[in-house]
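Each chain is listed here by its residues.
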Amino acid sequence: MTPQPNPQVGAAVKAADRAHVFHSWSAQELIDPLAVAGAEGSYFWDYEGKRYLDFTSGLVFTNIGYQHPKVVAAIQEQAATLSTFAPAFAVEARSEAARLIAERTPGDLDKIFFTNGGAEAVENATRMARLHTGRPKVLSAYRSYHGATSTAINLTGDPRRWPNDSGAAGVVHFWAPFLYRSPFHSDSEQQECERALQHLEDTIAFEGPGTVAAIILETIPGTAGIMTPPPGYLAGVRALCDQYGIVFILDEVMAGFGRTGKWFAADHYDVTPDLMTFAKGVNSGYVPLGGVAISSAIAETFARRPYPGGLTYSGHPLACAAAVATINVMEEEGIVEQAARIGETVLGPGLRELAARHPSVGEVRGTGVFWALELVKDRETREPLVPYNAAGEANGPMVAFGAAAKARGLWPFINMNRTHVVPPCNVSEEEAKEGLAVLDEALSVADEYTV
């Protein structure tokens, strides 16, 4: 893994990108995408030969790192054997991927509907819930992200929803627990759990229980801040769903497949939803793939009644072959266990040490290789380092922090006033410590903006 500088090719790549590629979530003339020449393991590099340790895992999807040879070989073999086939047929790669996923999902989530990604998984899970219950509304949390397609973006709680919000999508938002910035003025996890559950039950009551098809939650919210739920919360939501005949959907698109040190984040809480969405880590993002894991009760609804949904590339053989290889690699190499160990022995202790040294760190939270640092101006008041949804000059402190990390060879995941620490699940101890050392230096820049 020796990056070879080739600035001429890099310039050509950049020019073609600027001329023809329309980038997501961006004002096109205000962005300057880095031209990437290659990647391997936990690193990628540009055409100047500069190498970066990727503490973003792409968009939190390269759970086994870049270019794992066994997954690359599986894709190549599948392409040579059967590169594509329509979803109505039984295909070996598709069947085996579904079997391997079902073996790892909690409870009786044994039927797998394949999509091309996480947003489509959320779309279809919501559709299944509405058809199963005959009810129109879905409840979701404000601090959440569920995807950019029509229903998924309306379910999303963060500001990316605002320009896309139809106001008529049958979505009702509520406050999920987050003790550090509690909307319930709680002073303990137990109190936060109890008050959040009461708030949710009140929301159900005032919306009308007979109108609510589903409650959807990220088991551990990802982009919104990696807030691990307090003990008892998810079990309490499960109980409310059972009480009112509501479908419980857990979104594991980001948290699933080893990210939290378990196959699924739900495994930490001993909770089984009725539907579970997944994507990203299922095949480390090597070929687009997502899906919905379906309980027996909801599968039975469509046993003799056609499910009115489908996708041309549902269960695409190349994507499914990548999933089979990825899951097998994760088992063979103990990658889920590695994520748990790195979180417990390196990232967790290391991030808490950084928090003790840097006044800009208000809170450290996470598990496995799924962590967030809440950056603040003032630890006492907990004022965020930058305002909510800050842009331009107001976002300057986070821009400065990010630039300091990149200058030192670390690519950080930054959202609002947080930096997330989300390297590949098989990041080595040495790589994790390398990243922590860079964060230490970059946080010194953030400290300059504290009071």
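The coordinates are above.
Before going into details, it helps to say that this report is about the structure given with it. What you see is a predicted model; the values in this text were computed from it and never measured.

1. Overview of the sheet that holds strand S1 (residues 36–40)
Thought 1: Strand order in the open sheet formed by four strands is S1-S2-S3-S14, with mixed pairing between adjacent strands. Both edges of this open sheet fall to S1 and strand S14 (410–411), since each of them pairs with a single strand only.
Thought 2: When S1 meets strand S2 (residues 43–46), the two strands line up antiparallel, connected through four bridges. Bridging from a neighbouring strand, Val36 pairs with Asp46 of S2.

2. Considering unusual backbone geometry
Thought 1: For Ser57, which is not glycine, the phi torsion reads 50 degrees and is therefore positive.
Thought 2: Phi is positive for Asp270, close to 55 degrees, though the residue is something other than glycine.
Thought 3: Checked against the element boundaries, Asp270 lands in the loop between strand S8 (247–251) and strand S9 (275–278).
Thought 4: Residue Asp270 is classed as exposed on the basis of its relative accessible area, which comes to 76%.

3. Examining the pattern of salt bridges
Thought 1: Inspection of the entire model under this criterion finds 20 salt bridges.
Thought 2: Note that Glu441 is salt-bridged to Arg408, the shortest N-O span being 2.7 Å. Residue Glu441 is located in helix H13 (residues 429–447), and its partner Arg408 is located in the loop between helix H12 (396–407) and S14; the two are separated by 33 residues in the primary sequence.
Thought 3: The class for Glu441 is partly exposed, based on a relative accessible area of 42%.
Thought 4: Shared partners join several salt bridges into a network, and the residues in it are Glu96, Arg99, Glu103, Arg104 and Glu331.

4. Some words on the side chain of Arg365
Thought 1: Residue position: Arg365 is located in strand S11 (residues 361–367).
Thought 2: Within the structure, Arg365 has its side chain in polar contact with the side chain of Glu363 (distance 2.7 Å).
Thought 3: Apart from residues lying up to four places away in sequence, Arg365 is in contact with Phe178, Gly225, Ile226, Met227, Phe370, Trp371, Ala372, Glu374 and Arg418.

5. As for the nonpolar core
Thought 1: One finds Ile215, Leu217 and Tyr233 to be the most contacted residues of the largest nonpolar core, which totals 93 residues.
Thought 2: Element by element, the count of residues in this core is highest for helix H10 (residues 317–332), at 11 residues.
Thought 3: Apart from the residues within four sequence positions on either side, Tyr233 is in contact with Phe174, Ala176, Pro177, Cys193, Ala196, Leu197, Leu200 and Leu217.
Thought 4: Counting 20 residues, the second-largest nonpolar core is a separate cluster that includes Ala119, Ala121, Ala129 and Val292.

6. Regarding the packing of aromatic side chains
Thought 1: Here the structure, examined in full by the defined rule, presents 12 aromatic pairs.
Thought 2: An angle of 75 degrees between the planes, with centres 5.6 Å apart, marks the rings of Phe113 and Tyr307 as edge-to-face. With Phe113 in strand S4 (residues 111–115) and Tyr307 in the loop between helix H9 (296–301) and H10, this residue pair connects regions lying 194 residues apart in the sequence. Comparing Phe113 with Tyr307, the two get one shared label, buried.
Thought 3: With centroids separated by 4.9 Å and ring planes inclined at 65 degrees, the aromatic side chains of Phe257 and Phe264 adopt a geometry described as edge-to-face.
Thought 4: Judged by its relative accessible area of 0%, Phe264 is buried.
Thought 5: An aromatic cluster is built from Phe257, Trp263, Phe264 and Phe278, whose rings are joined through pairwise contacts.

7. A look at H10
Thought 1: Helix length check: H10, at 16 residues, gives a terminal C-alpha distance of 22 Å against a target of 22 Å (1.5 Å per residue), a fit within 8%.
Thought 2: The buried fraction of H10 amounts to 13 of the 16 residues, a majority that puts the element mostly inside the structure.
Thought 3: Of the residues one or two after H10, Gly334 is the one with positive phi, at around 60 degrees.

8. Some details on the packing of helix H7 (residues 189–207) against helix H8 (residues 233–244)
Thought 1: Contact geometry for H7 and H8: axes closest at 10 Å, N-to-C directions at 25 degrees. As judged from the angle between their axes, H7 and H8 are roughly parallel. The handedness of the crossing between H7 and H8 comes out as right-handed. Contact with H7, carried on its side by Cys193, Ala196, Leu197, Leu200, Glu201 and Ile204, involves Tyr233, Gly236, Val237, Leu240, Gln243 and Tyr244 of H8 and no other residues of that element.
Thought 2: Looking at the contact of H7 with H8 residue by residue, the class counts come to nine nonpolar, two polar and one charged.

9. Some remarks on the pairing of strand S12 (residues 370–378)
Thought 1: Judged by how many residues are buried, S12 sits mostly within the fold: eight of nine residues are covered.
Thought 2: Bridge count between S11 and S12: six bridges; the pairing is antiparallel. For Glu363, the partnering residue across the bridge sits in S12 and is Glu374.
Thought 3: Following S11, the chain reverses through two residues before pairing antiparallel with S12; Gly368 in that reversal takes a positive phi of roughly 60 degrees.
Thought 4: The sheet contact formed by S12 and strand S16 (residues 418–421) spans four bridges and is antiparallel. Bridge pairing in S16 places Ala372 opposite His420.

10. Some points on helix H4 (residues 92–104)
Thought 1: The end-to-end C-alpha separation of H4 is 19 Å, in line with the 18 Å expected for 13 residues at 1.5 Å each.
Thought 2: Of the residues making up H4, those classed as buried are Ala93, Arg94, Ala97, Ala98, Leu100, Ile101, Ala102 and Arg104.

11. Observations concerning the packing of H12 against H13
Thought 1: One can describe the packing of H12 onto H13 by two numbers: an axis separation of 8 Å at closest approach and a directional angle of 150 degrees. When the interaxial angle is binned, H12 and H13 end up roughly antiparallel. Of the two elements, H12 crosses H13, and the hand of that crossing is right-handed. Here Ala400, Phe401, Ala404 and Ala405 of H12 lie close against H13, whose contacting residues are Val438, Leu439, Ala442, Leu443, Val445 and Ala446.
Thought 2: A breakdown of the residues in the contact of H12 with H13 according to their chemical character gives 10 nonpolar, no polar and no charged.

What counts as what
- Residues numbered from 1 in each chain as written.
- Predicted model: local features only at pLDDT ≥ 70, side-chain atom pairs only at ≥ 80, totals over all residues.
- Heavy atoms only, no water.
- Pairing = 2+ DSSP bridges.
- Helix = DSSP H or I, 4+ residues; strand = E, 2+ residues; numbered from the N terminus.
- Buried < 20%, exposed > 50% of the residue type's maximum accessible area, 1.4 Å probe, protein only.
- Salt bridge = Lys/Arg side-chain N within 4 Å of Asp/Glu carboxyl O.
- Polar contact = N/O pair within 3.5 Å; in protein donor to acceptor, adjacent residues only side chain to side chain.
- Contact = heavy atoms within 4.5 Å.
- Core = buried A, V, L, I, M, F, W, Y, C linked by side-chain atoms within 4.5 Å.
- Phe/Tyr/Trp six-rings, centres within 6.5 Å; stacked < 30°, edge-to-face > 60°.
- Expected span 1.5 Å × (residues − 1).
- Axes fitted to C-alpha atoms, helices over the stretch in contact; angles between N-to-C directions.
- Parallel < 35°, antiparallel > 145°, perpendicular 65-115°, else oblique.
- Left-handed = near helix turned anticlockwise from the far one by under 90°.
- Nonpolar A, V, L, I, M, F, W, Y, C, P; charged D, E, K, R; others polar.

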